[in-house]
Every structure is written in C-alpha cells, then in structure tokens.
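Inside the fold
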Amino acid sequence: MSEILLEVEKLFCERDDRVLFSDLSFQVQAGELVQIEGPNGSGKTTLLRILSGLSRHFEGEIRWRGVPLADDLPAYARELLYFGHQAGVKSLLTPEENLRWYAALDTSIDLEQIDQALNAVGLKGFEDVPCHMLSAGQNRRVSLARLYLSQARLWILDEPFTAIDKQGVAAKENVLLAHAQRGGIVILTTHHELNLTQHVRRIHLDEHSGTS
Ligand SMILES: Nc1ncnc2c1ncn2[C@@H]1O[C@H](COP(=O)(O)OP(=O)(O)OP(=O)(O)O)[C@@H](O)[C@H]1O
C-alpha cells in the first residue's frame, strides 16, 4: 500500500465574506498527481498557497508525514517545491545564471545538470541571453527548468503551463509523471487540457464550497 504523505482535514476558507471551501478533506499518497479544478475565483490559488504554508488564512488541519504543518514549517519547506503565478525569474540574469542562483540552495546540483535542464526545456542557445530579452513563454521555461533540478518530494504548481506552447506542455507533463512514478507528489492547477488524464486525480472545488 502507498504511503499517505499529505492529509487535509476539514479545511475552511473564507475571503471577503464568501466561503471558498468548507469541510474540504482529502489525503494524498506518494506517487499521486492531483489536479485542483474549479472556475475562476473558486479558490484554487488560495488552496495551493495554504497547502504550501504561505497562507494561514484557513481553519482545519494539514499534516505532512503525520505532523501538522505549523509544528515544523522549515522541515516541510525542505520537501516542497512551490511554483506560483510569478515566474520567479530574475530578469537581469541569464537563464543559466538564474538556475545557478537556484542551485546555490542545493550544493548537489552541478553545472552539467543545469545545462541538461536548460536543454530539456528547449533553451539551448539562449543560456546567455538576459531573461528580460526573452519571451514570456521562454521565461516560464526558465522557471520550469527548476523541476528538472528539484529533489523536493512535493511539487505544488499553480498554472505551470501558462504561456507554454503545446509541444512544451507535453514535455513538462512527462516530467510530472516521472516525478510521481519516483514516489513524489504533484498537486497542480491548470486550465490546459492535460494528456495525463488517466494518471490524474481531480479535486473539484465547487463540490466543497459552501455559502456564508
Ligand atoms: N489576499 C486576498 N484578500 C482577499 N481576497 C482574496 C485574496 N486572495 C484571493 N482572494 C479572493 O479569493 C477568491 C479566490 O481567488 P483565487 O485566486 O484563489 O481563485 P482561483 O480559483 O485560483 O482563480 P483563477 O482560476 O482565476 O486563477 C477570489 O474571489 C479572490 O478575490
């Protein structure tokens, strides 16, 4: 049986007197890909920020490996890769410099891996171009290259495919699948039609929202 790593229990979140979700409970096992679905404004980003420990604007409990998040956020953060709406790319740096900066947090990542990651996201030939001179999709690709370097067990990805062309999306989907197959967890939102459908568990926020 797979290991349950993330437990979400009776989550309640209200913004501006509007209940986004209430009584939201689910568990995620190692190896699972979970897609949070719902219309614009239903609370997908809010939920991902809560799950990432970035927002405390909720009631209920979230546990990672059986430990409430609030009890040991640093330990949780070490196992987490959060990918938000902002690309998190420094525009004055080149793609390679951005990844070297990111890799500085993890000394086990070497230059060859950075090179491979840039190749994998289709940025060969653009390694040395400052990011402010790249397109929106290319900047998103710089950011996505982090997925190829990440050792984190839990990936929480908010609209990771924004501005990425169809071909690029297919390649990234494979990275997500490979992560899950290695025993990782991916929780994501996307308005893209995924090819991975048969591997993805869906949680639809509308089914959990209430009225205030
Ligand atoms: N910091 C905040 N303060 C007050 N209200 C907020 C805040 N952040 C989000 N909201 C509200 O919470 C609701 C849900 O927003 P959220 O960004 O989570 O939706 P979403 O499902 O991700 O939407 P989309 O599909 O458009 O990205 C919105 O009505 C928004 O106005």
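Rules of the game
Residues numbered from 1 in each chain as written. Predicted model: local features only at pLDDT ≥ 70, side-chain atom pairs only at ≥ 80, totals over all residues. Heavy atoms only, no water. Axes fitted to C-alpha atoms, helices over the stretch in contact; angles between N-to-C directions. Helix = DSSP H or I, 4+ residues; strand = E, 2+ residues; numbered from the N terminus. Parallel < 35°, antiparallel > 145°, perpendicular 65-115°, else oblique. Left-handed = near helix turned anticlockwise from the far one by under 90°. Contact = heavy atoms within 4.5 Å. Nonpolar A, V, L, I, M, F, W, Y, C, P; charged D, E, K, R; others polar. Buried < 20%, exposed > 50% of the residue type's maximum accessible area, 1.4 Å probe, protein only. Lys, Arg positive; Asp, Glu negative; His and termini not counted. Salt bridge = Lys/Arg side-chain N within 4 Å of Asp/Glu carboxyl O. Polar contact = N/O pair within 3.5 Å; in protein donor to acceptor, adjacent residues only side chain to side chain.

1. Structural notes on the packing of helix α5 (residues 136-149) against helix α6 (residues 166-181)
- Running from amino to carboxyl end, α5 crosses α6 at an angle of 25°, the nearest separation of the two axes being 10 Å. Between α5 and α6, the interaxial angle falls into the category roughly parallel. Where α5 crosses over α6, the two elements pack in a sense that is left-handed. In this structure, α5 contributes Arg141, Leu144, Leu147 and Tyr148 to the contact, and α6 contributes Gly168, Ala171, Lys172, Val175 and Leu176.
- Grouping the amino acids of the contact of α5 with α6 by side-chain chemistry returns 6 nonpolar, 1 polar and 2 charged.

2. A short note on the side chain of Lys44
- Tracing the sequence through the fold places Lys44 in helix α1 (residues 44-51).
- This buried residue, Lys44, is left without a salt bridge; Glu159 holds the nearest opposite charge, at 6.0 Å.
- A polar side-chain atom of Lys44 sits 2.9 Å from the main-chain carbonyl oxygen of Gly38.
- Apart from residues no more than four positions distant in its own chain, Lys44 is found in contact with Ile36, Glu37, Gly38, Pro39, Thr189, His191 and Leu205.

3. With respect to the pattern of salt bridges
- Counted by the stated rule, this structure contains 11 salt bridges.
- A salt bridge links Glu3 to Arg153, with the shortest nitrogen-to-oxygen separation between them at 3.6 Å. With a gap of 150 residues between them, Glu3 in the segment before β1 (4-15) and Arg153 in the loop between α5 and β7 (154-158) connect regions that are remote in the sequence.
- Across the pair Glu7 and Arg63 runs a salt bridge, and its minimum N-O distance is 3.4 Å. Within this pair, whereas Glu7 is found in strand β1, its partner Arg63 is found in strand β4 (residues 59-64), the two being separated by 56 residues in sequence.
- The network of salt bridges with common partners includes Glu3, Arg65, Glu79 and Arg153.

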